[in-house]
Amino acid sequence: MTLSYRAAILHAPKTPLVVETVTAAELSGDNVLVRIKAAGLCHTDLEVIEGSLRYPMPIVLGHEAAGVVEAVGPEARGVGVGDHVVLSWNPHCGHCFYCDRDLPILCETYLTNGPKAIGFDGAHHAHRADGGELKQLMFLGAFGEYAIVAAEQAVPVPKALPFDRGCLLGCGVMTGVGAALNIASIGHGDAVMVIGCGAVGLSAVQGARLAGAAAIVAVDLDDKKLDLAEAVGATMRVNAGREDPVAVARKIGKSGRGVDVVLEAAGNPAGFRASIEAVRPGGEVIWLGKTDVEHDVNFRWGALMGEKRIRRSSYGGTRPARDFPLLAQAYLDGRLKLDELITRHIALDQINEGFAALKAGEAIRSVVMF
Ligand SMILES: [Zn+2]
Ligand SMILES: [Zn+2]
């Protein structure tokens, strides 16, 4: 039976998304059909719309979603019809050079097929009314009523987890919490600075709290975002428009050393520079933010001295099957705050307004409800 559904499609950079009726391909192999219930609007989608991140088109964006498994392919394992799932954008083959080195984020099949915006199996999983192939962002394409994804991308979570909260785990929350818990080595009593308090930064604040940091300094230019940072666990706030975060960091660290760990989630050159200046010698900087892939970022060479460690993380060292259920339970237990990250719920037809709000910095997360 042919399945038709509505999806928001980007035809060219810097143009509005268009909601169209599209058709799903036949379910095969280890793919599963997911009925999307909620999908968050993330900065990475915005980067594709703005053209700073390049993908083939027409494409269905959306890579932070939760839903219900509606059907499974003949080889699908680990997930069944009716399961509530949070979707991962990092499928991996399990047996390539990088998978063997426990780096699924660098899996060769993932890196080969990702830029093509096709399924992990190398196939297109939806087409337009005229029969033309449709691309899907990050093996997902979640701004539609349905998506066909690899079984390992659909991670079962407790049914008590609301879909609008659950979707956030798939990208922004996992990226931030994971960076603090899986990538950084935050010790009990450490001082941590988080630069940029969007969804990823607010999640990094929470990861630092869960890791046992004693001082968590939130940095942003927006007082409302700093309010949220305090609401989710920051112990200090710095509005970088009025106060120099580096000077604050050096006052917190003993003898002006700087903070132990900096998690950068602002994605601008000033944030990257400040992150290196603010960390103490021997400390650790984790970069989560992104700027245009063709842009240069400059540093003061002296800021790098002192055996500082700098690491880029794109998905927080995530192992979705392990981490999504843990984060879901942390929310249900009250240890992870997700309600605070949702600015508004919108319909699919309001998606362009949602991205305008994200671009204007007015929204942490707008969540499309289906
Ligand atoms: Zn994202
Ligand atoms: Zn691999």
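Above this text sits the structure in question.
Since we're looking at a predicted model, the values are computed, not measured.

### So, the coordination of the zinc ion (ligand 2)
Logical step 1: Note on the zinc ion (ligand 2): its protein donors are C93 (SG), C96 (SG), C99 (SG) and C107 (SG). The metal-donor distances range over 2.3 to 2.4 Å.
Logical step 2: Here the zinc ion (ligand 2) is ringed by four donor atoms whose angles at the metal span 104 to 117°, and the overall shape comes out tetrahedral.
Logical step 3: Written as a sequence motif, the donor arrangement for the zinc ion (ligand 2) is C-x2-C-x2-C-x7-C. Of the two residues, C93 is situated in the loop between β6 (84-87) and α2 (108-113) and C107 in the loop between β6 and α2; the sequence distance between them amounts to 14 residues.
Logical step 4: Looking at C93, the relative accessible area reads 21%, which means it is partly exposed.

### Some points on the packing of aromatic side chains
Logical step 1: Following the criterion strictly, the structure yields eight aromatic pairs and no others.
Logical step 2: Centroid distance F97 to Y98: 4.9 Å. Interplanar angle 85°. Geometry classified as edge-to-face.
Logical step 3: Between Y110 and F139 the ring centres are 5.5 Å apart and the planes differ by 40°, which places this aromatic pair in the tilted class. Remark: F139 occurs in the loop between β8 (135-136) and β9 (146-150) and Y110 occurs in helix α2; sequence separation between them is 29 residues. A single burial state applies to Y110 and to F139, both of which are buried.
Logical step 4: Here the aromatic cluster, defined as three or more aromatic residues joined through ring pairs, consists of Y110, F120 and F139.
Logical step 5: Stacked on the ring of F97, the Lys or Arg R101 has its end atom at 3.8 Å from the ring centre.

Each value, and the rule that gives it
- Residues numbered from 1 in each chain as written.
- Chains lettered and ligands numbered in written order.
- Predicted model: local features only at pLDDT ≥ 70, side-chain atom pairs only at ≥ 80, totals over all residues.
- Heavy atoms only, no water.
- Donors = N, O, S within 2.8 Å, 3.2 Å for Na, K, Ca; no water.
- Tetrahedral: all angles 85-135°; square planar, octahedral: opposite > 155°, others 65-115°.
- Helix = DSSP H or I, 4+ residues; strand = E, 2+ residues; numbered from the N terminus.
- Buried < 20%, exposed > 50% of the residue type's maximum accessible area, 1.4 Å probe, protein only.
- Phe/Tyr/Trp six-rings, centres within 6.5 Å; stacked < 30°, edge-to-face > 60°.
- Lys NZ or Arg CZ within 6 Å of the ring centre and 35° of its normal.

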